[in-house]
Amino acid sequence: MTVIDEWVLHRLIGSPEVMYEQLTHLAEMSARPSISVQVVPSENGANAGLGGAFDIATVDDSPGTLRLEGVEDQTTDRRSLVRKAGIIFNRVRGDALPRGASRDVIRKVAEERWRP
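Our subject in this report is the structure included herewith.

Analysis parameters
Residues numbered from 1 in each chain as written. Predicted model: local features only at pLDDT ≥ 70, side-chain atom pairs only at ≥ 80, totals over all residues. Heavy atoms only, no water. Helix = DSSP H or I, 4+ residues; strand = E, 2+ residues; numbered from the N terminus. Buried < 20%, exposed > 50% of the residue type's maximum accessible area, 1.4 Å probe, protein only. Areas by Shrake-Rupley, 256 points an atom, 1.4 Å probe, with all protein chains shown as cover. Lys, Arg positive; Asp, Glu negative; His and termini not counted. Charge placed at Lys NZ, Arg CZ, Asp CG, Glu CD. Expected span 1.5 Å × (residues − 1). Arc of directions from axis to C-beta. Contact = heavy atoms within 4.5 Å. Core = buried A, V, L, I, M, F, W, Y, C linked by side-chain atoms within 4.5 Å. Polar contact = N/O pair within 3.5 Å; in protein donor to acceptor, adjacent residues only side chain to side chain. Pairing = 2+ DSSP bridges. Axes fitted to C-alpha atoms, helices over the stretch in contact; angles between N-to-C directions.

To continue, consider the overall build of the chain. What the chain contains, in helices and strands, is four helices and five strands. In the chain, the succession of α and β elements from N to C terminus is β-α-α-β-β-β-β-α-α. Along the first, second and third principal axes, the C-alpha atoms of the chain reach 45 × 30 × 25 Å. Counting all 116 residues of the chain, 28% fall into the buried class. Summed over all atoms, the accessible surface of the chain reaches about 7,800 Å², with 51% contributed by carbon and sulfur. Side chains of the chain give 15 positive and 17 negative charges; the mean places of these two sets differ by 5 Å.

So, in structure tokens, the structure goes:
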């Protein structure tokens, strides 16, 4: 499960051709039942996820491991931090579009902004 800010879709990384291919691939992959990609619309403004990127990894019923991205990536299994990150993730996910609408936004940006 991934939640991304819409602005990421507009940020040129590589070339327009690379962006088009990457976003098209992301849209295709997000159609798979086991893959969830949701987009937080840019018109939402500020949201709880603007503090930085993070990943929460869980296996079975484990409390999870948190990886925080930054100048120096950090990994922790401190329950209090993993729990806080989970709360933030759920808040951001609540601000995001549903999967189908997110896929439509990804395809639209790929076609209108990056199509070679």
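Back to the write-up after that little detour.
So, on to helix α2 (residues 16–30). Its 15 residues give α2 an end-to-end C-alpha distance of 21 Å, which sits within 8% of 21 Å, the value for a rise of 1.5 Å per residue. Regarding α2, the residues found buried are M19, Y20, L23, A27 and S30. The arc enclosing the buried residues of α2, seen along the axis, measures out at 105°, which places them on a common side. Against the buried residues of α2 lie α1 (6–10), β2 (37–40) and α4 (99–114).

What follows deals with the nonpolar core. Core analysis: the biggest nonpolar cluster contains 13 residues, and L9, L23, V39, I106, V109 and W114 have the highest contact counts within it. Contributing elements (two or more residues each) for this core: α2, β2 and α4. It is α4 that contributes the most residues to this core, five residues altogether.

Quick look at the environment of D5 now. On the secondary structure map, D5 appears in strand β1 (residues 2–5). If sequence neighbours within four positions are ignored, D5 has contacts with V40, N47 and L50. Within the structure, the side chain of D5 is placed 3.0 Å from the backbone nitrogen of W7, a separation counted as a polar contact.

What follows deals with the sheet that holds strand β5 (residues 74–76). Pairing is antiparallel in the open sheet, where three strands are placed in the order β3-β4-β5. Among the strands making up the open sheet, the edge pair consists of β3 (54–57) and β5. Strand-to-strand, the axes of this sheet are offset by a mean angle of 15°, without reference to chain direction. Sheet analysis places strand β4 (residues 65–68) next to β5, joined by three bridges and oriented antiparallel. Pairing of L66 across the sheet is with T76, part of β5.

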